[in-house]
Structure formats: structure tokens, C-alpha cells
Amino acid sequence: MSFASLKSNSMDISKLVSAANEVSGATQQTNKYQDERLWKPTVDESGNGYAVIRFLPAAEGQDLPWVRYWDHGFKGPTGKWYIEKSLTSIGQNDPVGELNSRLWNSGIEEDKETARRQKRRLHYVSNVLVVSDPSNPSNNGKVFMYQYGKKIFDKIMDLMQPEFPDEAPVNPFDHESGADFQLKIRNVAGYRNYDKSEFKAPSALLEGDETSLTTAYNSMHDIAEFAEPSTYKSYEELKQKLEMVLGLSTGVGSTMKNESLSETAEAAPLRAVGEPTIVSAPTPEIQSTADEEDTLSYFAKMAAED
């Protein structure tokens, strides 16, 4: 699909809204915080930051302008880190999800706290054009992949599905009638907060200049790789990693908490090698009190320091 084709192929908002309720995907795992294709906003020493970006439409061969995936990032009683994509992103059972479900339903409050620390985290990835990055002006006018969380995705949905009758639906991914997004980051209780972020009034991307638009379109990245099942580790690989992190397979870092987890695992053991996949009931959704965007990068850095 060329940019010329894109002009006559803008996706209807209703299709995007419908897909948002169904789509699930995955993301690349290795060294994301070093991936030069990914743009990240910069914050100052107080944890505040500001930038303006424009969400771009789906590229050639892509059904949607975003992909969605889940991951887990936590430190076990052994002191080792578990940082892996969740197989639930591609509709398969995941060992952490299964363990968390058992812990959550054990009736023991301490188990619930453990499940909360190990909960899965939601991420989205889209192509964006950086309109203004005051902290890194060399990024201005360039196209990157942007990883964001539910808080920002909700703002996208609010724009496409306005709550009040005097507000017209806007497709923020449209190059003609979309809108720039003002990313306003604050530090609230130690977490990044995006509540003040907002879309500006609808406007043509790059003032409608076809040469600039074509350049931007040709610079878009293939986010489909983030939904590629081959980028996931197998259930057995993840199970072995989980057991190592929790000390269930080696006994390293044995503690009362570790023994409790062992008993839980014995009561309802993780799936054995070669045992067929059985899709279990959905894991209880464990709510977070703050948007957790950028957590994978943080945990990946921490793990690298171990």
C-alpha cells in the first residue's frame, strides 16, 4: 500500500473501536530500552515531562494502527528477576498467570499480595510522528514506535467514542482529520501520571504537505513483529524460568515465603512437559493504582544489573 492508497483507505472509527475490544498482541522482548526505533518521553529530575506526538495510521499489511500485549516483571525471593512476555497475549496458558490465579484464590491475604506483585501488565505499541520533543529536539519530525499503557489508550478511545452528544468522534490515527496528542507527565506518589495529557483540536498532519506525508509514511515501522507468536518463549521455558526465579527448582534463596509458594505449587502443580494445553478460566484481573507504562524498561535495566 502506497501513501496514495492510504489517502483513500482511512479506517472507520467504528472499526477501530470494535477492534479495541477484541485485539490482543505481543511485543518484542530483548533490549527494548536500547531499541532506537522506540521513542520514550524524557522527564526532568522531578519526574515531569512534556512532548507532542501524532499517532499514525496502520501501515501496509497491518489491520490496526496498534498492537497489544501483556508481560510480567517482578523479582523473586531468590533475588532473580522474571521479565517475560505473557503467553496470554496470544491466547495461550501462561505459568505466571496460572500461579497467580491459584494464589489469588487461596484465601490467604499474603498470597494475594504476591499475586499483585506478579500481575501482568498491559502495553500498546503504535507508530507516531514526534511533533515536538523539547528535551530531545533532534527527534522532531521523525517517526518512531511508541509503547504506551492503558491510561493513554483510554484517552484514544474517549476521542473516538466521546461521552457527550456535543462532541464529534475523531480518529486520532487519521492523517487528515486526526489530532496531535500533548503528552503531559507528572510524578504522582512516585508513579508517572498521564491524567493531564490531551488531544488538541483536529488538524491535518504536517499541514497536509504530501511530500512530507509520504516521507513519514515510508518511515513507519512494522509493529506486526510485536504480535508475532514466534517471539514468545514456550510454556515450558517460561515455567523453568519461573521456578528458577521463585527457587522452586533449585532451592536457592529458600525462605518461609518460598516454602509457602512451593506448597502452593505442589497443591496445584505447574503443567508437566508434554501435557496438552488446557485453556483455563481467565485469570482474575488485579487492579493497579497507577499507570505502569515504561515499567518493562525499568525492570529490564534492573535485571541487567543483577
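To be clear, the structure that these remarks concern was listed above.
Read on for a plain summary of the structure.

For the structure on display, the rule yields 12 salt bridges. Ionic pairing is found between Glu225 and Arg37, a salt bridge with its closest N-O pair at 2.9 Å. One end of the pair, Glu225, is in the loop between α6 (210-218) and α7 (235-246); the other, Arg37, is in the loop between α2 (13-20) and β1 (38-39), and 188 residues separate them in sequence. A relative accessible area of 23% places Glu225 in the partly exposed class. A relative accessible area of 25% places Arg37 in the partly exposed class. Linking Asp71 and Arg121 is a salt bridge whose minimum nitrogen-to-oxygen distance equals 2.7 Å.

A positive phi angle, near 55°, is found at Ala189, a position not held by glycine. Of note, Ala189 is situated in the loop between β7 (181-188) and β8 (191-193). Classification of Ala189 by relative accessible area gives exposed; the value is 73%. Look at Glu207: it is not a glycine, yet its phi comes out positive at around 60°. Looking at where Glu207 falls in the secondary structure, it is placed in the loop between β9 (198-199) and α6. Its relative accessible area of 79% is what places Glu207 among the exposed residues.

Let's shift gears to a negative patch on the surface. Residues Asp158, Glu163, Asp166 and Glu167 make up a contiguous surface patch of negative charge. Within the fold, Asp158 resides in helix α5 (residues 150-160). A relative accessible area of 51% means that Asp158 is categorised as exposed.

Within helix α4 (residues 109-117), burial applies to Asp111, Thr114 and Ala115. Down the axis of α4, the buried set is contained in an arc of 100°. They therefore lie on one face.

It is worth spelling out the packing of aromatic side chains at this point. Note on aromatic pairs: each is described by the distance of the centres and the angle between the planes. Within the structure shown, the criterion is met by 12 aromatic pairs. Between Phe74 and Tyr82, the aromatic rings sit 5.3 Å apart at their centres with planes inclined by 15°, giving stacked as the arrangement. With relative accessibility at 4%, the residue Phe74 sits in the buried group. A centroid spacing of 5.5 Å and a plane angle of 25° characterise the contact between Tyr146 and Tyr148, whose relative ring orientation is stacked. When its relative accessible area of 0% is taken as the criterion, Tyr146 is described as buried. Three or more aromatic residues link up through ring pairs in this structure, and these residues are Trp39, Phe55, Trp66, Tyr124, Tyr146, Tyr148, Phe153, Phe173, Phe181 and Phe199. Residue placement shows Lys112 over the ring face of Trp104; its charged tip is 5.1 Å from the ring centre.

What counts and how
- Residue numbers here run from 1 along each chain, matching the order of that chain's written sequence.
- The model is predicted, so local features are restricted to residues of pLDDT at least 70 and side-chain atom pairs to those at 80 or more, both for listing and for counting; the totals for chains, interfaces and linings are taken over all residues.
- The basis for the side-chain values is all heavy atoms of the structure; hydrogens and waters are excluded.
- Note on definitions: salt bridges are taken to be side-chain nitrogens of Lys or Arg within 4 Å of carboxyl oxygens of Asp or Glu.
- To qualify as a helix, a DSSP run of H or I must reach at least 4 residues; to qualify as a strand, a run of E must reach at least 2; elements of each kind are numbered from the N terminus.
- The buried label applies to any residue whose accessible area, calculated with a 1.4 Å probe on protein chains only, is under 20% of its type's maximum; exposed applies above 50%, and partly exposed to all values in between.
- Candidates for patches are residues over 30% relative accessible area with no salt bridge; among them, like charges are joined within 9 Å and nonpolar side chains (Val, Leu, Ile, Met, Phe, Trp, Tyr) within 5 Å.
- Surface accessibility follows the Shrake-Rupley procedure with a 1.4 Å probe radius. Residue values consider only the protein chains on display as shielding.
- The sign given to each residue is positive for Lys and Arg and negative for Asp and Glu; His and the chain ends receive no count.
- We put the charge of a Lys on NZ, of an Arg on CZ, of an Asp on CG and of a Glu on CD.
- An arc is given here, and it is the one of the directions from the helix axis to the C-beta atoms.
- Geometry of aromatic contacts follows a simple scheme: Phe, Tyr and Trp rings, the Trp one being its six-membered ring, pair when their centres are within 6.5 Å, and the pair is stacked under 30 degrees between planes, edge-to-face over 60, tilted otherwise.
- Over a ring means this: the NZ of a Lys or the CZ of an Arg is within 6 Å of the ring centre and within 35 degrees of the ring normal.

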